[in-house]
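# Coordinates in review
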Amino acid sequence: MPHIAIDNGLPGISGLLTLRPDTAAPLGMLADALLRAPAPMSRGERELVAAYVSRLNGTRFCEGAHSAFAAAQLDGGDDLVKATLTDPSAAPLSERMRALLRIAAEVQEKVGPVSQEAVAAAREAGAGDTEIHDTVLIAAAFCMYNRYVDGLATELPADPGYYAEGAKRIVDSGYGRED
C-alpha cells in the first residue's frame, strides 16, 4: 500500500507524476534527455541500461516498464532483454554494451568513482566519452527514479499488458507526461 494517497488509479511512477505535475515536468524532461535525445547509444540500449539498473535495485515497476521500452526498440526484443537482465555476461550483447552495463552496475552499487578497469574495458570495446558519460548519468538517474517509486511504496500494475501499452506511447511520444 502506498505511503501517500495516490487517488488517480495509476501504478508506479505514473501515479506519482500524475499526482505532482510540477515535479513530473522536469523528471520527464530528464528522462527524455537521457533516453531519447540523439546520442551514440541507441534509444533501446539506453532503455536497457535503465532496466538493468532498476533490476539491480529491485524496483519491479521500473524494471518492467523499461524492459518493455527497451524490447520495443532493440533487435532481439523481449528475449534479449530477459537474457541481459538474467546474466549480461551470457546475453547476446556486443562487448561494448556488456562493458557499459558493467559501468552501470558499479554506479548502482556504490557512490564513488567507477573503476579504472571498467572504464578501460568500455574504451577497449569501443565506447567513447559520451557513451561512458551517458551510462553513468542514466544509472545515477535511475537510482533516483527507483528510490522515488519504491520509497513511496507505489503499486504495480494489475494488468500485465500495462508495460507493453506504455512502450507504444514512450516509443512514439517520449516521456513528456508520465513514465
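Relevant structure appears above.
What this report covers is the structure whose coordinates are included nearby. (Residues numbered from 1 in each chain as written. Predicted model: local features only at pLDDT ≥ 70, side-chain atom pairs only at ≥ 80, totals over all residues. Heavy atoms only, no water.)

### Quick notes on the packing of helix α3 (residues 43-57) against helix α6 (residues 95-109)
Selection criterion: Lines fitted to C-alpha atoms define the axes, with helix axes restricted to the stretch in contact, and inter-axis angles between N-to-C directions lie between 0 and 180 degrees. Starting at the N terminus, helices and strands are each numbered in turn, a helix being any DSSP run of H or I of at least four residues and a strand any DSSP run of E of at least two. The scheme is simple: roughly parallel for angles under 35 degrees, roughly antiparallel for over 145, roughly perpendicular for 65 to 115, oblique for anything else. Two helices that cross are described as forming a left-handed crossing if the nearer one is turned anticlockwise from the farther one by less than a right angle, and a right-handed crossing if clockwise. The criterion used for residue contact is that any of the two residues' heavy atoms lie within 4.5 Å. Polar here means any residue other than Ala, Val, Leu, Ile, Met, Phe, Trp, Tyr, Cys and Pro, which are nonpolar, and Asp, Glu, Lys and Arg, which are charged; Gly is therefore polar.
It is at 10 Å that the axes of α3 and α6 come closest, and there the two elements cross at 40°. Our classification of the angle between α3 and α6 gives oblique. Once α3 is placed against α6, the crossing between them reads as right-handed. Contacts from Glu45, Leu48, Val49, Tyr52, Val53, Leu56 and Asn57 of α3 reach α6 at Arg96, Met97, Leu101, Ala104, Ala105 and Gln108. Broken down by class, the residue content of the contact of α3 with α6 amounts to 9 nonpolar, 2 polar and 2 charged.

### Some words on the pattern of salt bridges
Side-chain pairing between opposite charges can occur once the charged atoms of the two side chains come close. Filter applied, for reference: Just to be clear on terms, a salt bridge is a Lys or Arg side-chain nitrogen sitting within 4 Å of an Asp or Glu carboxyl oxygen. Under the scheme applied here, a residue whose accessible area is under 20% of the maximum for its type counts as buried, over 50% as exposed, and between as partly exposed, the area being computed with a 1.4 Å probe on protein chains only.
Applying the stated criterion across every chain, the model contains 9 salt bridges. Where Arg20 meets Asp22, a salt bridge forms, and the shortest distance between an N and an O atom there is 2.6 Å. A residue is classified by how much of its surface remains accessible, and Asp22, at 49% relative accessible area, is partly exposed. Residue Lys168 is joined to Glu165 by a salt bridge in which the shortest nitrogen-to-oxygen separation is 3.1 Å. A residue pair is termed a helical-turn pair when its members lie 3 or 4 positions apart in one helix, as Lys168 and Glu165 do in helix α9 (residues 162-173) at 3 residues. Ionic contacts of the salt-bridge type, sharing partners, join the residues Glu45, Arg96 and Glu131 into one network.

### A few points about the layout of surface pockets
How we decide: We place a 1 Å grid over just the protein atoms. Points where a 1.4 Å probe fits but has no way out form a cavity, open points with protein on both sides within 12 Å along at least 5 of 7 lines form a pocket, and any residue with an atom within 4 Å of a point lines it. Grid points are joined across faces, edges and corners, and a volume is the space filled by probe spheres set on the points.
What the largest pocket holds in volume is close to 250 Å³. Surrounding the largest pocket, 15 residues form its lining, Gly64, Ser67, Ala68, Asp78 and Lys82 being those nearest its centre. Listed by contribution, the elements that provide at least two residues to the lining of the largest pocket are α4 (60-71), α5 (77-86) and α9. The residue inventory of the lining of the largest pocket, partitioned by class, reads 8 nonpolar, 3 polar and 4 charged.

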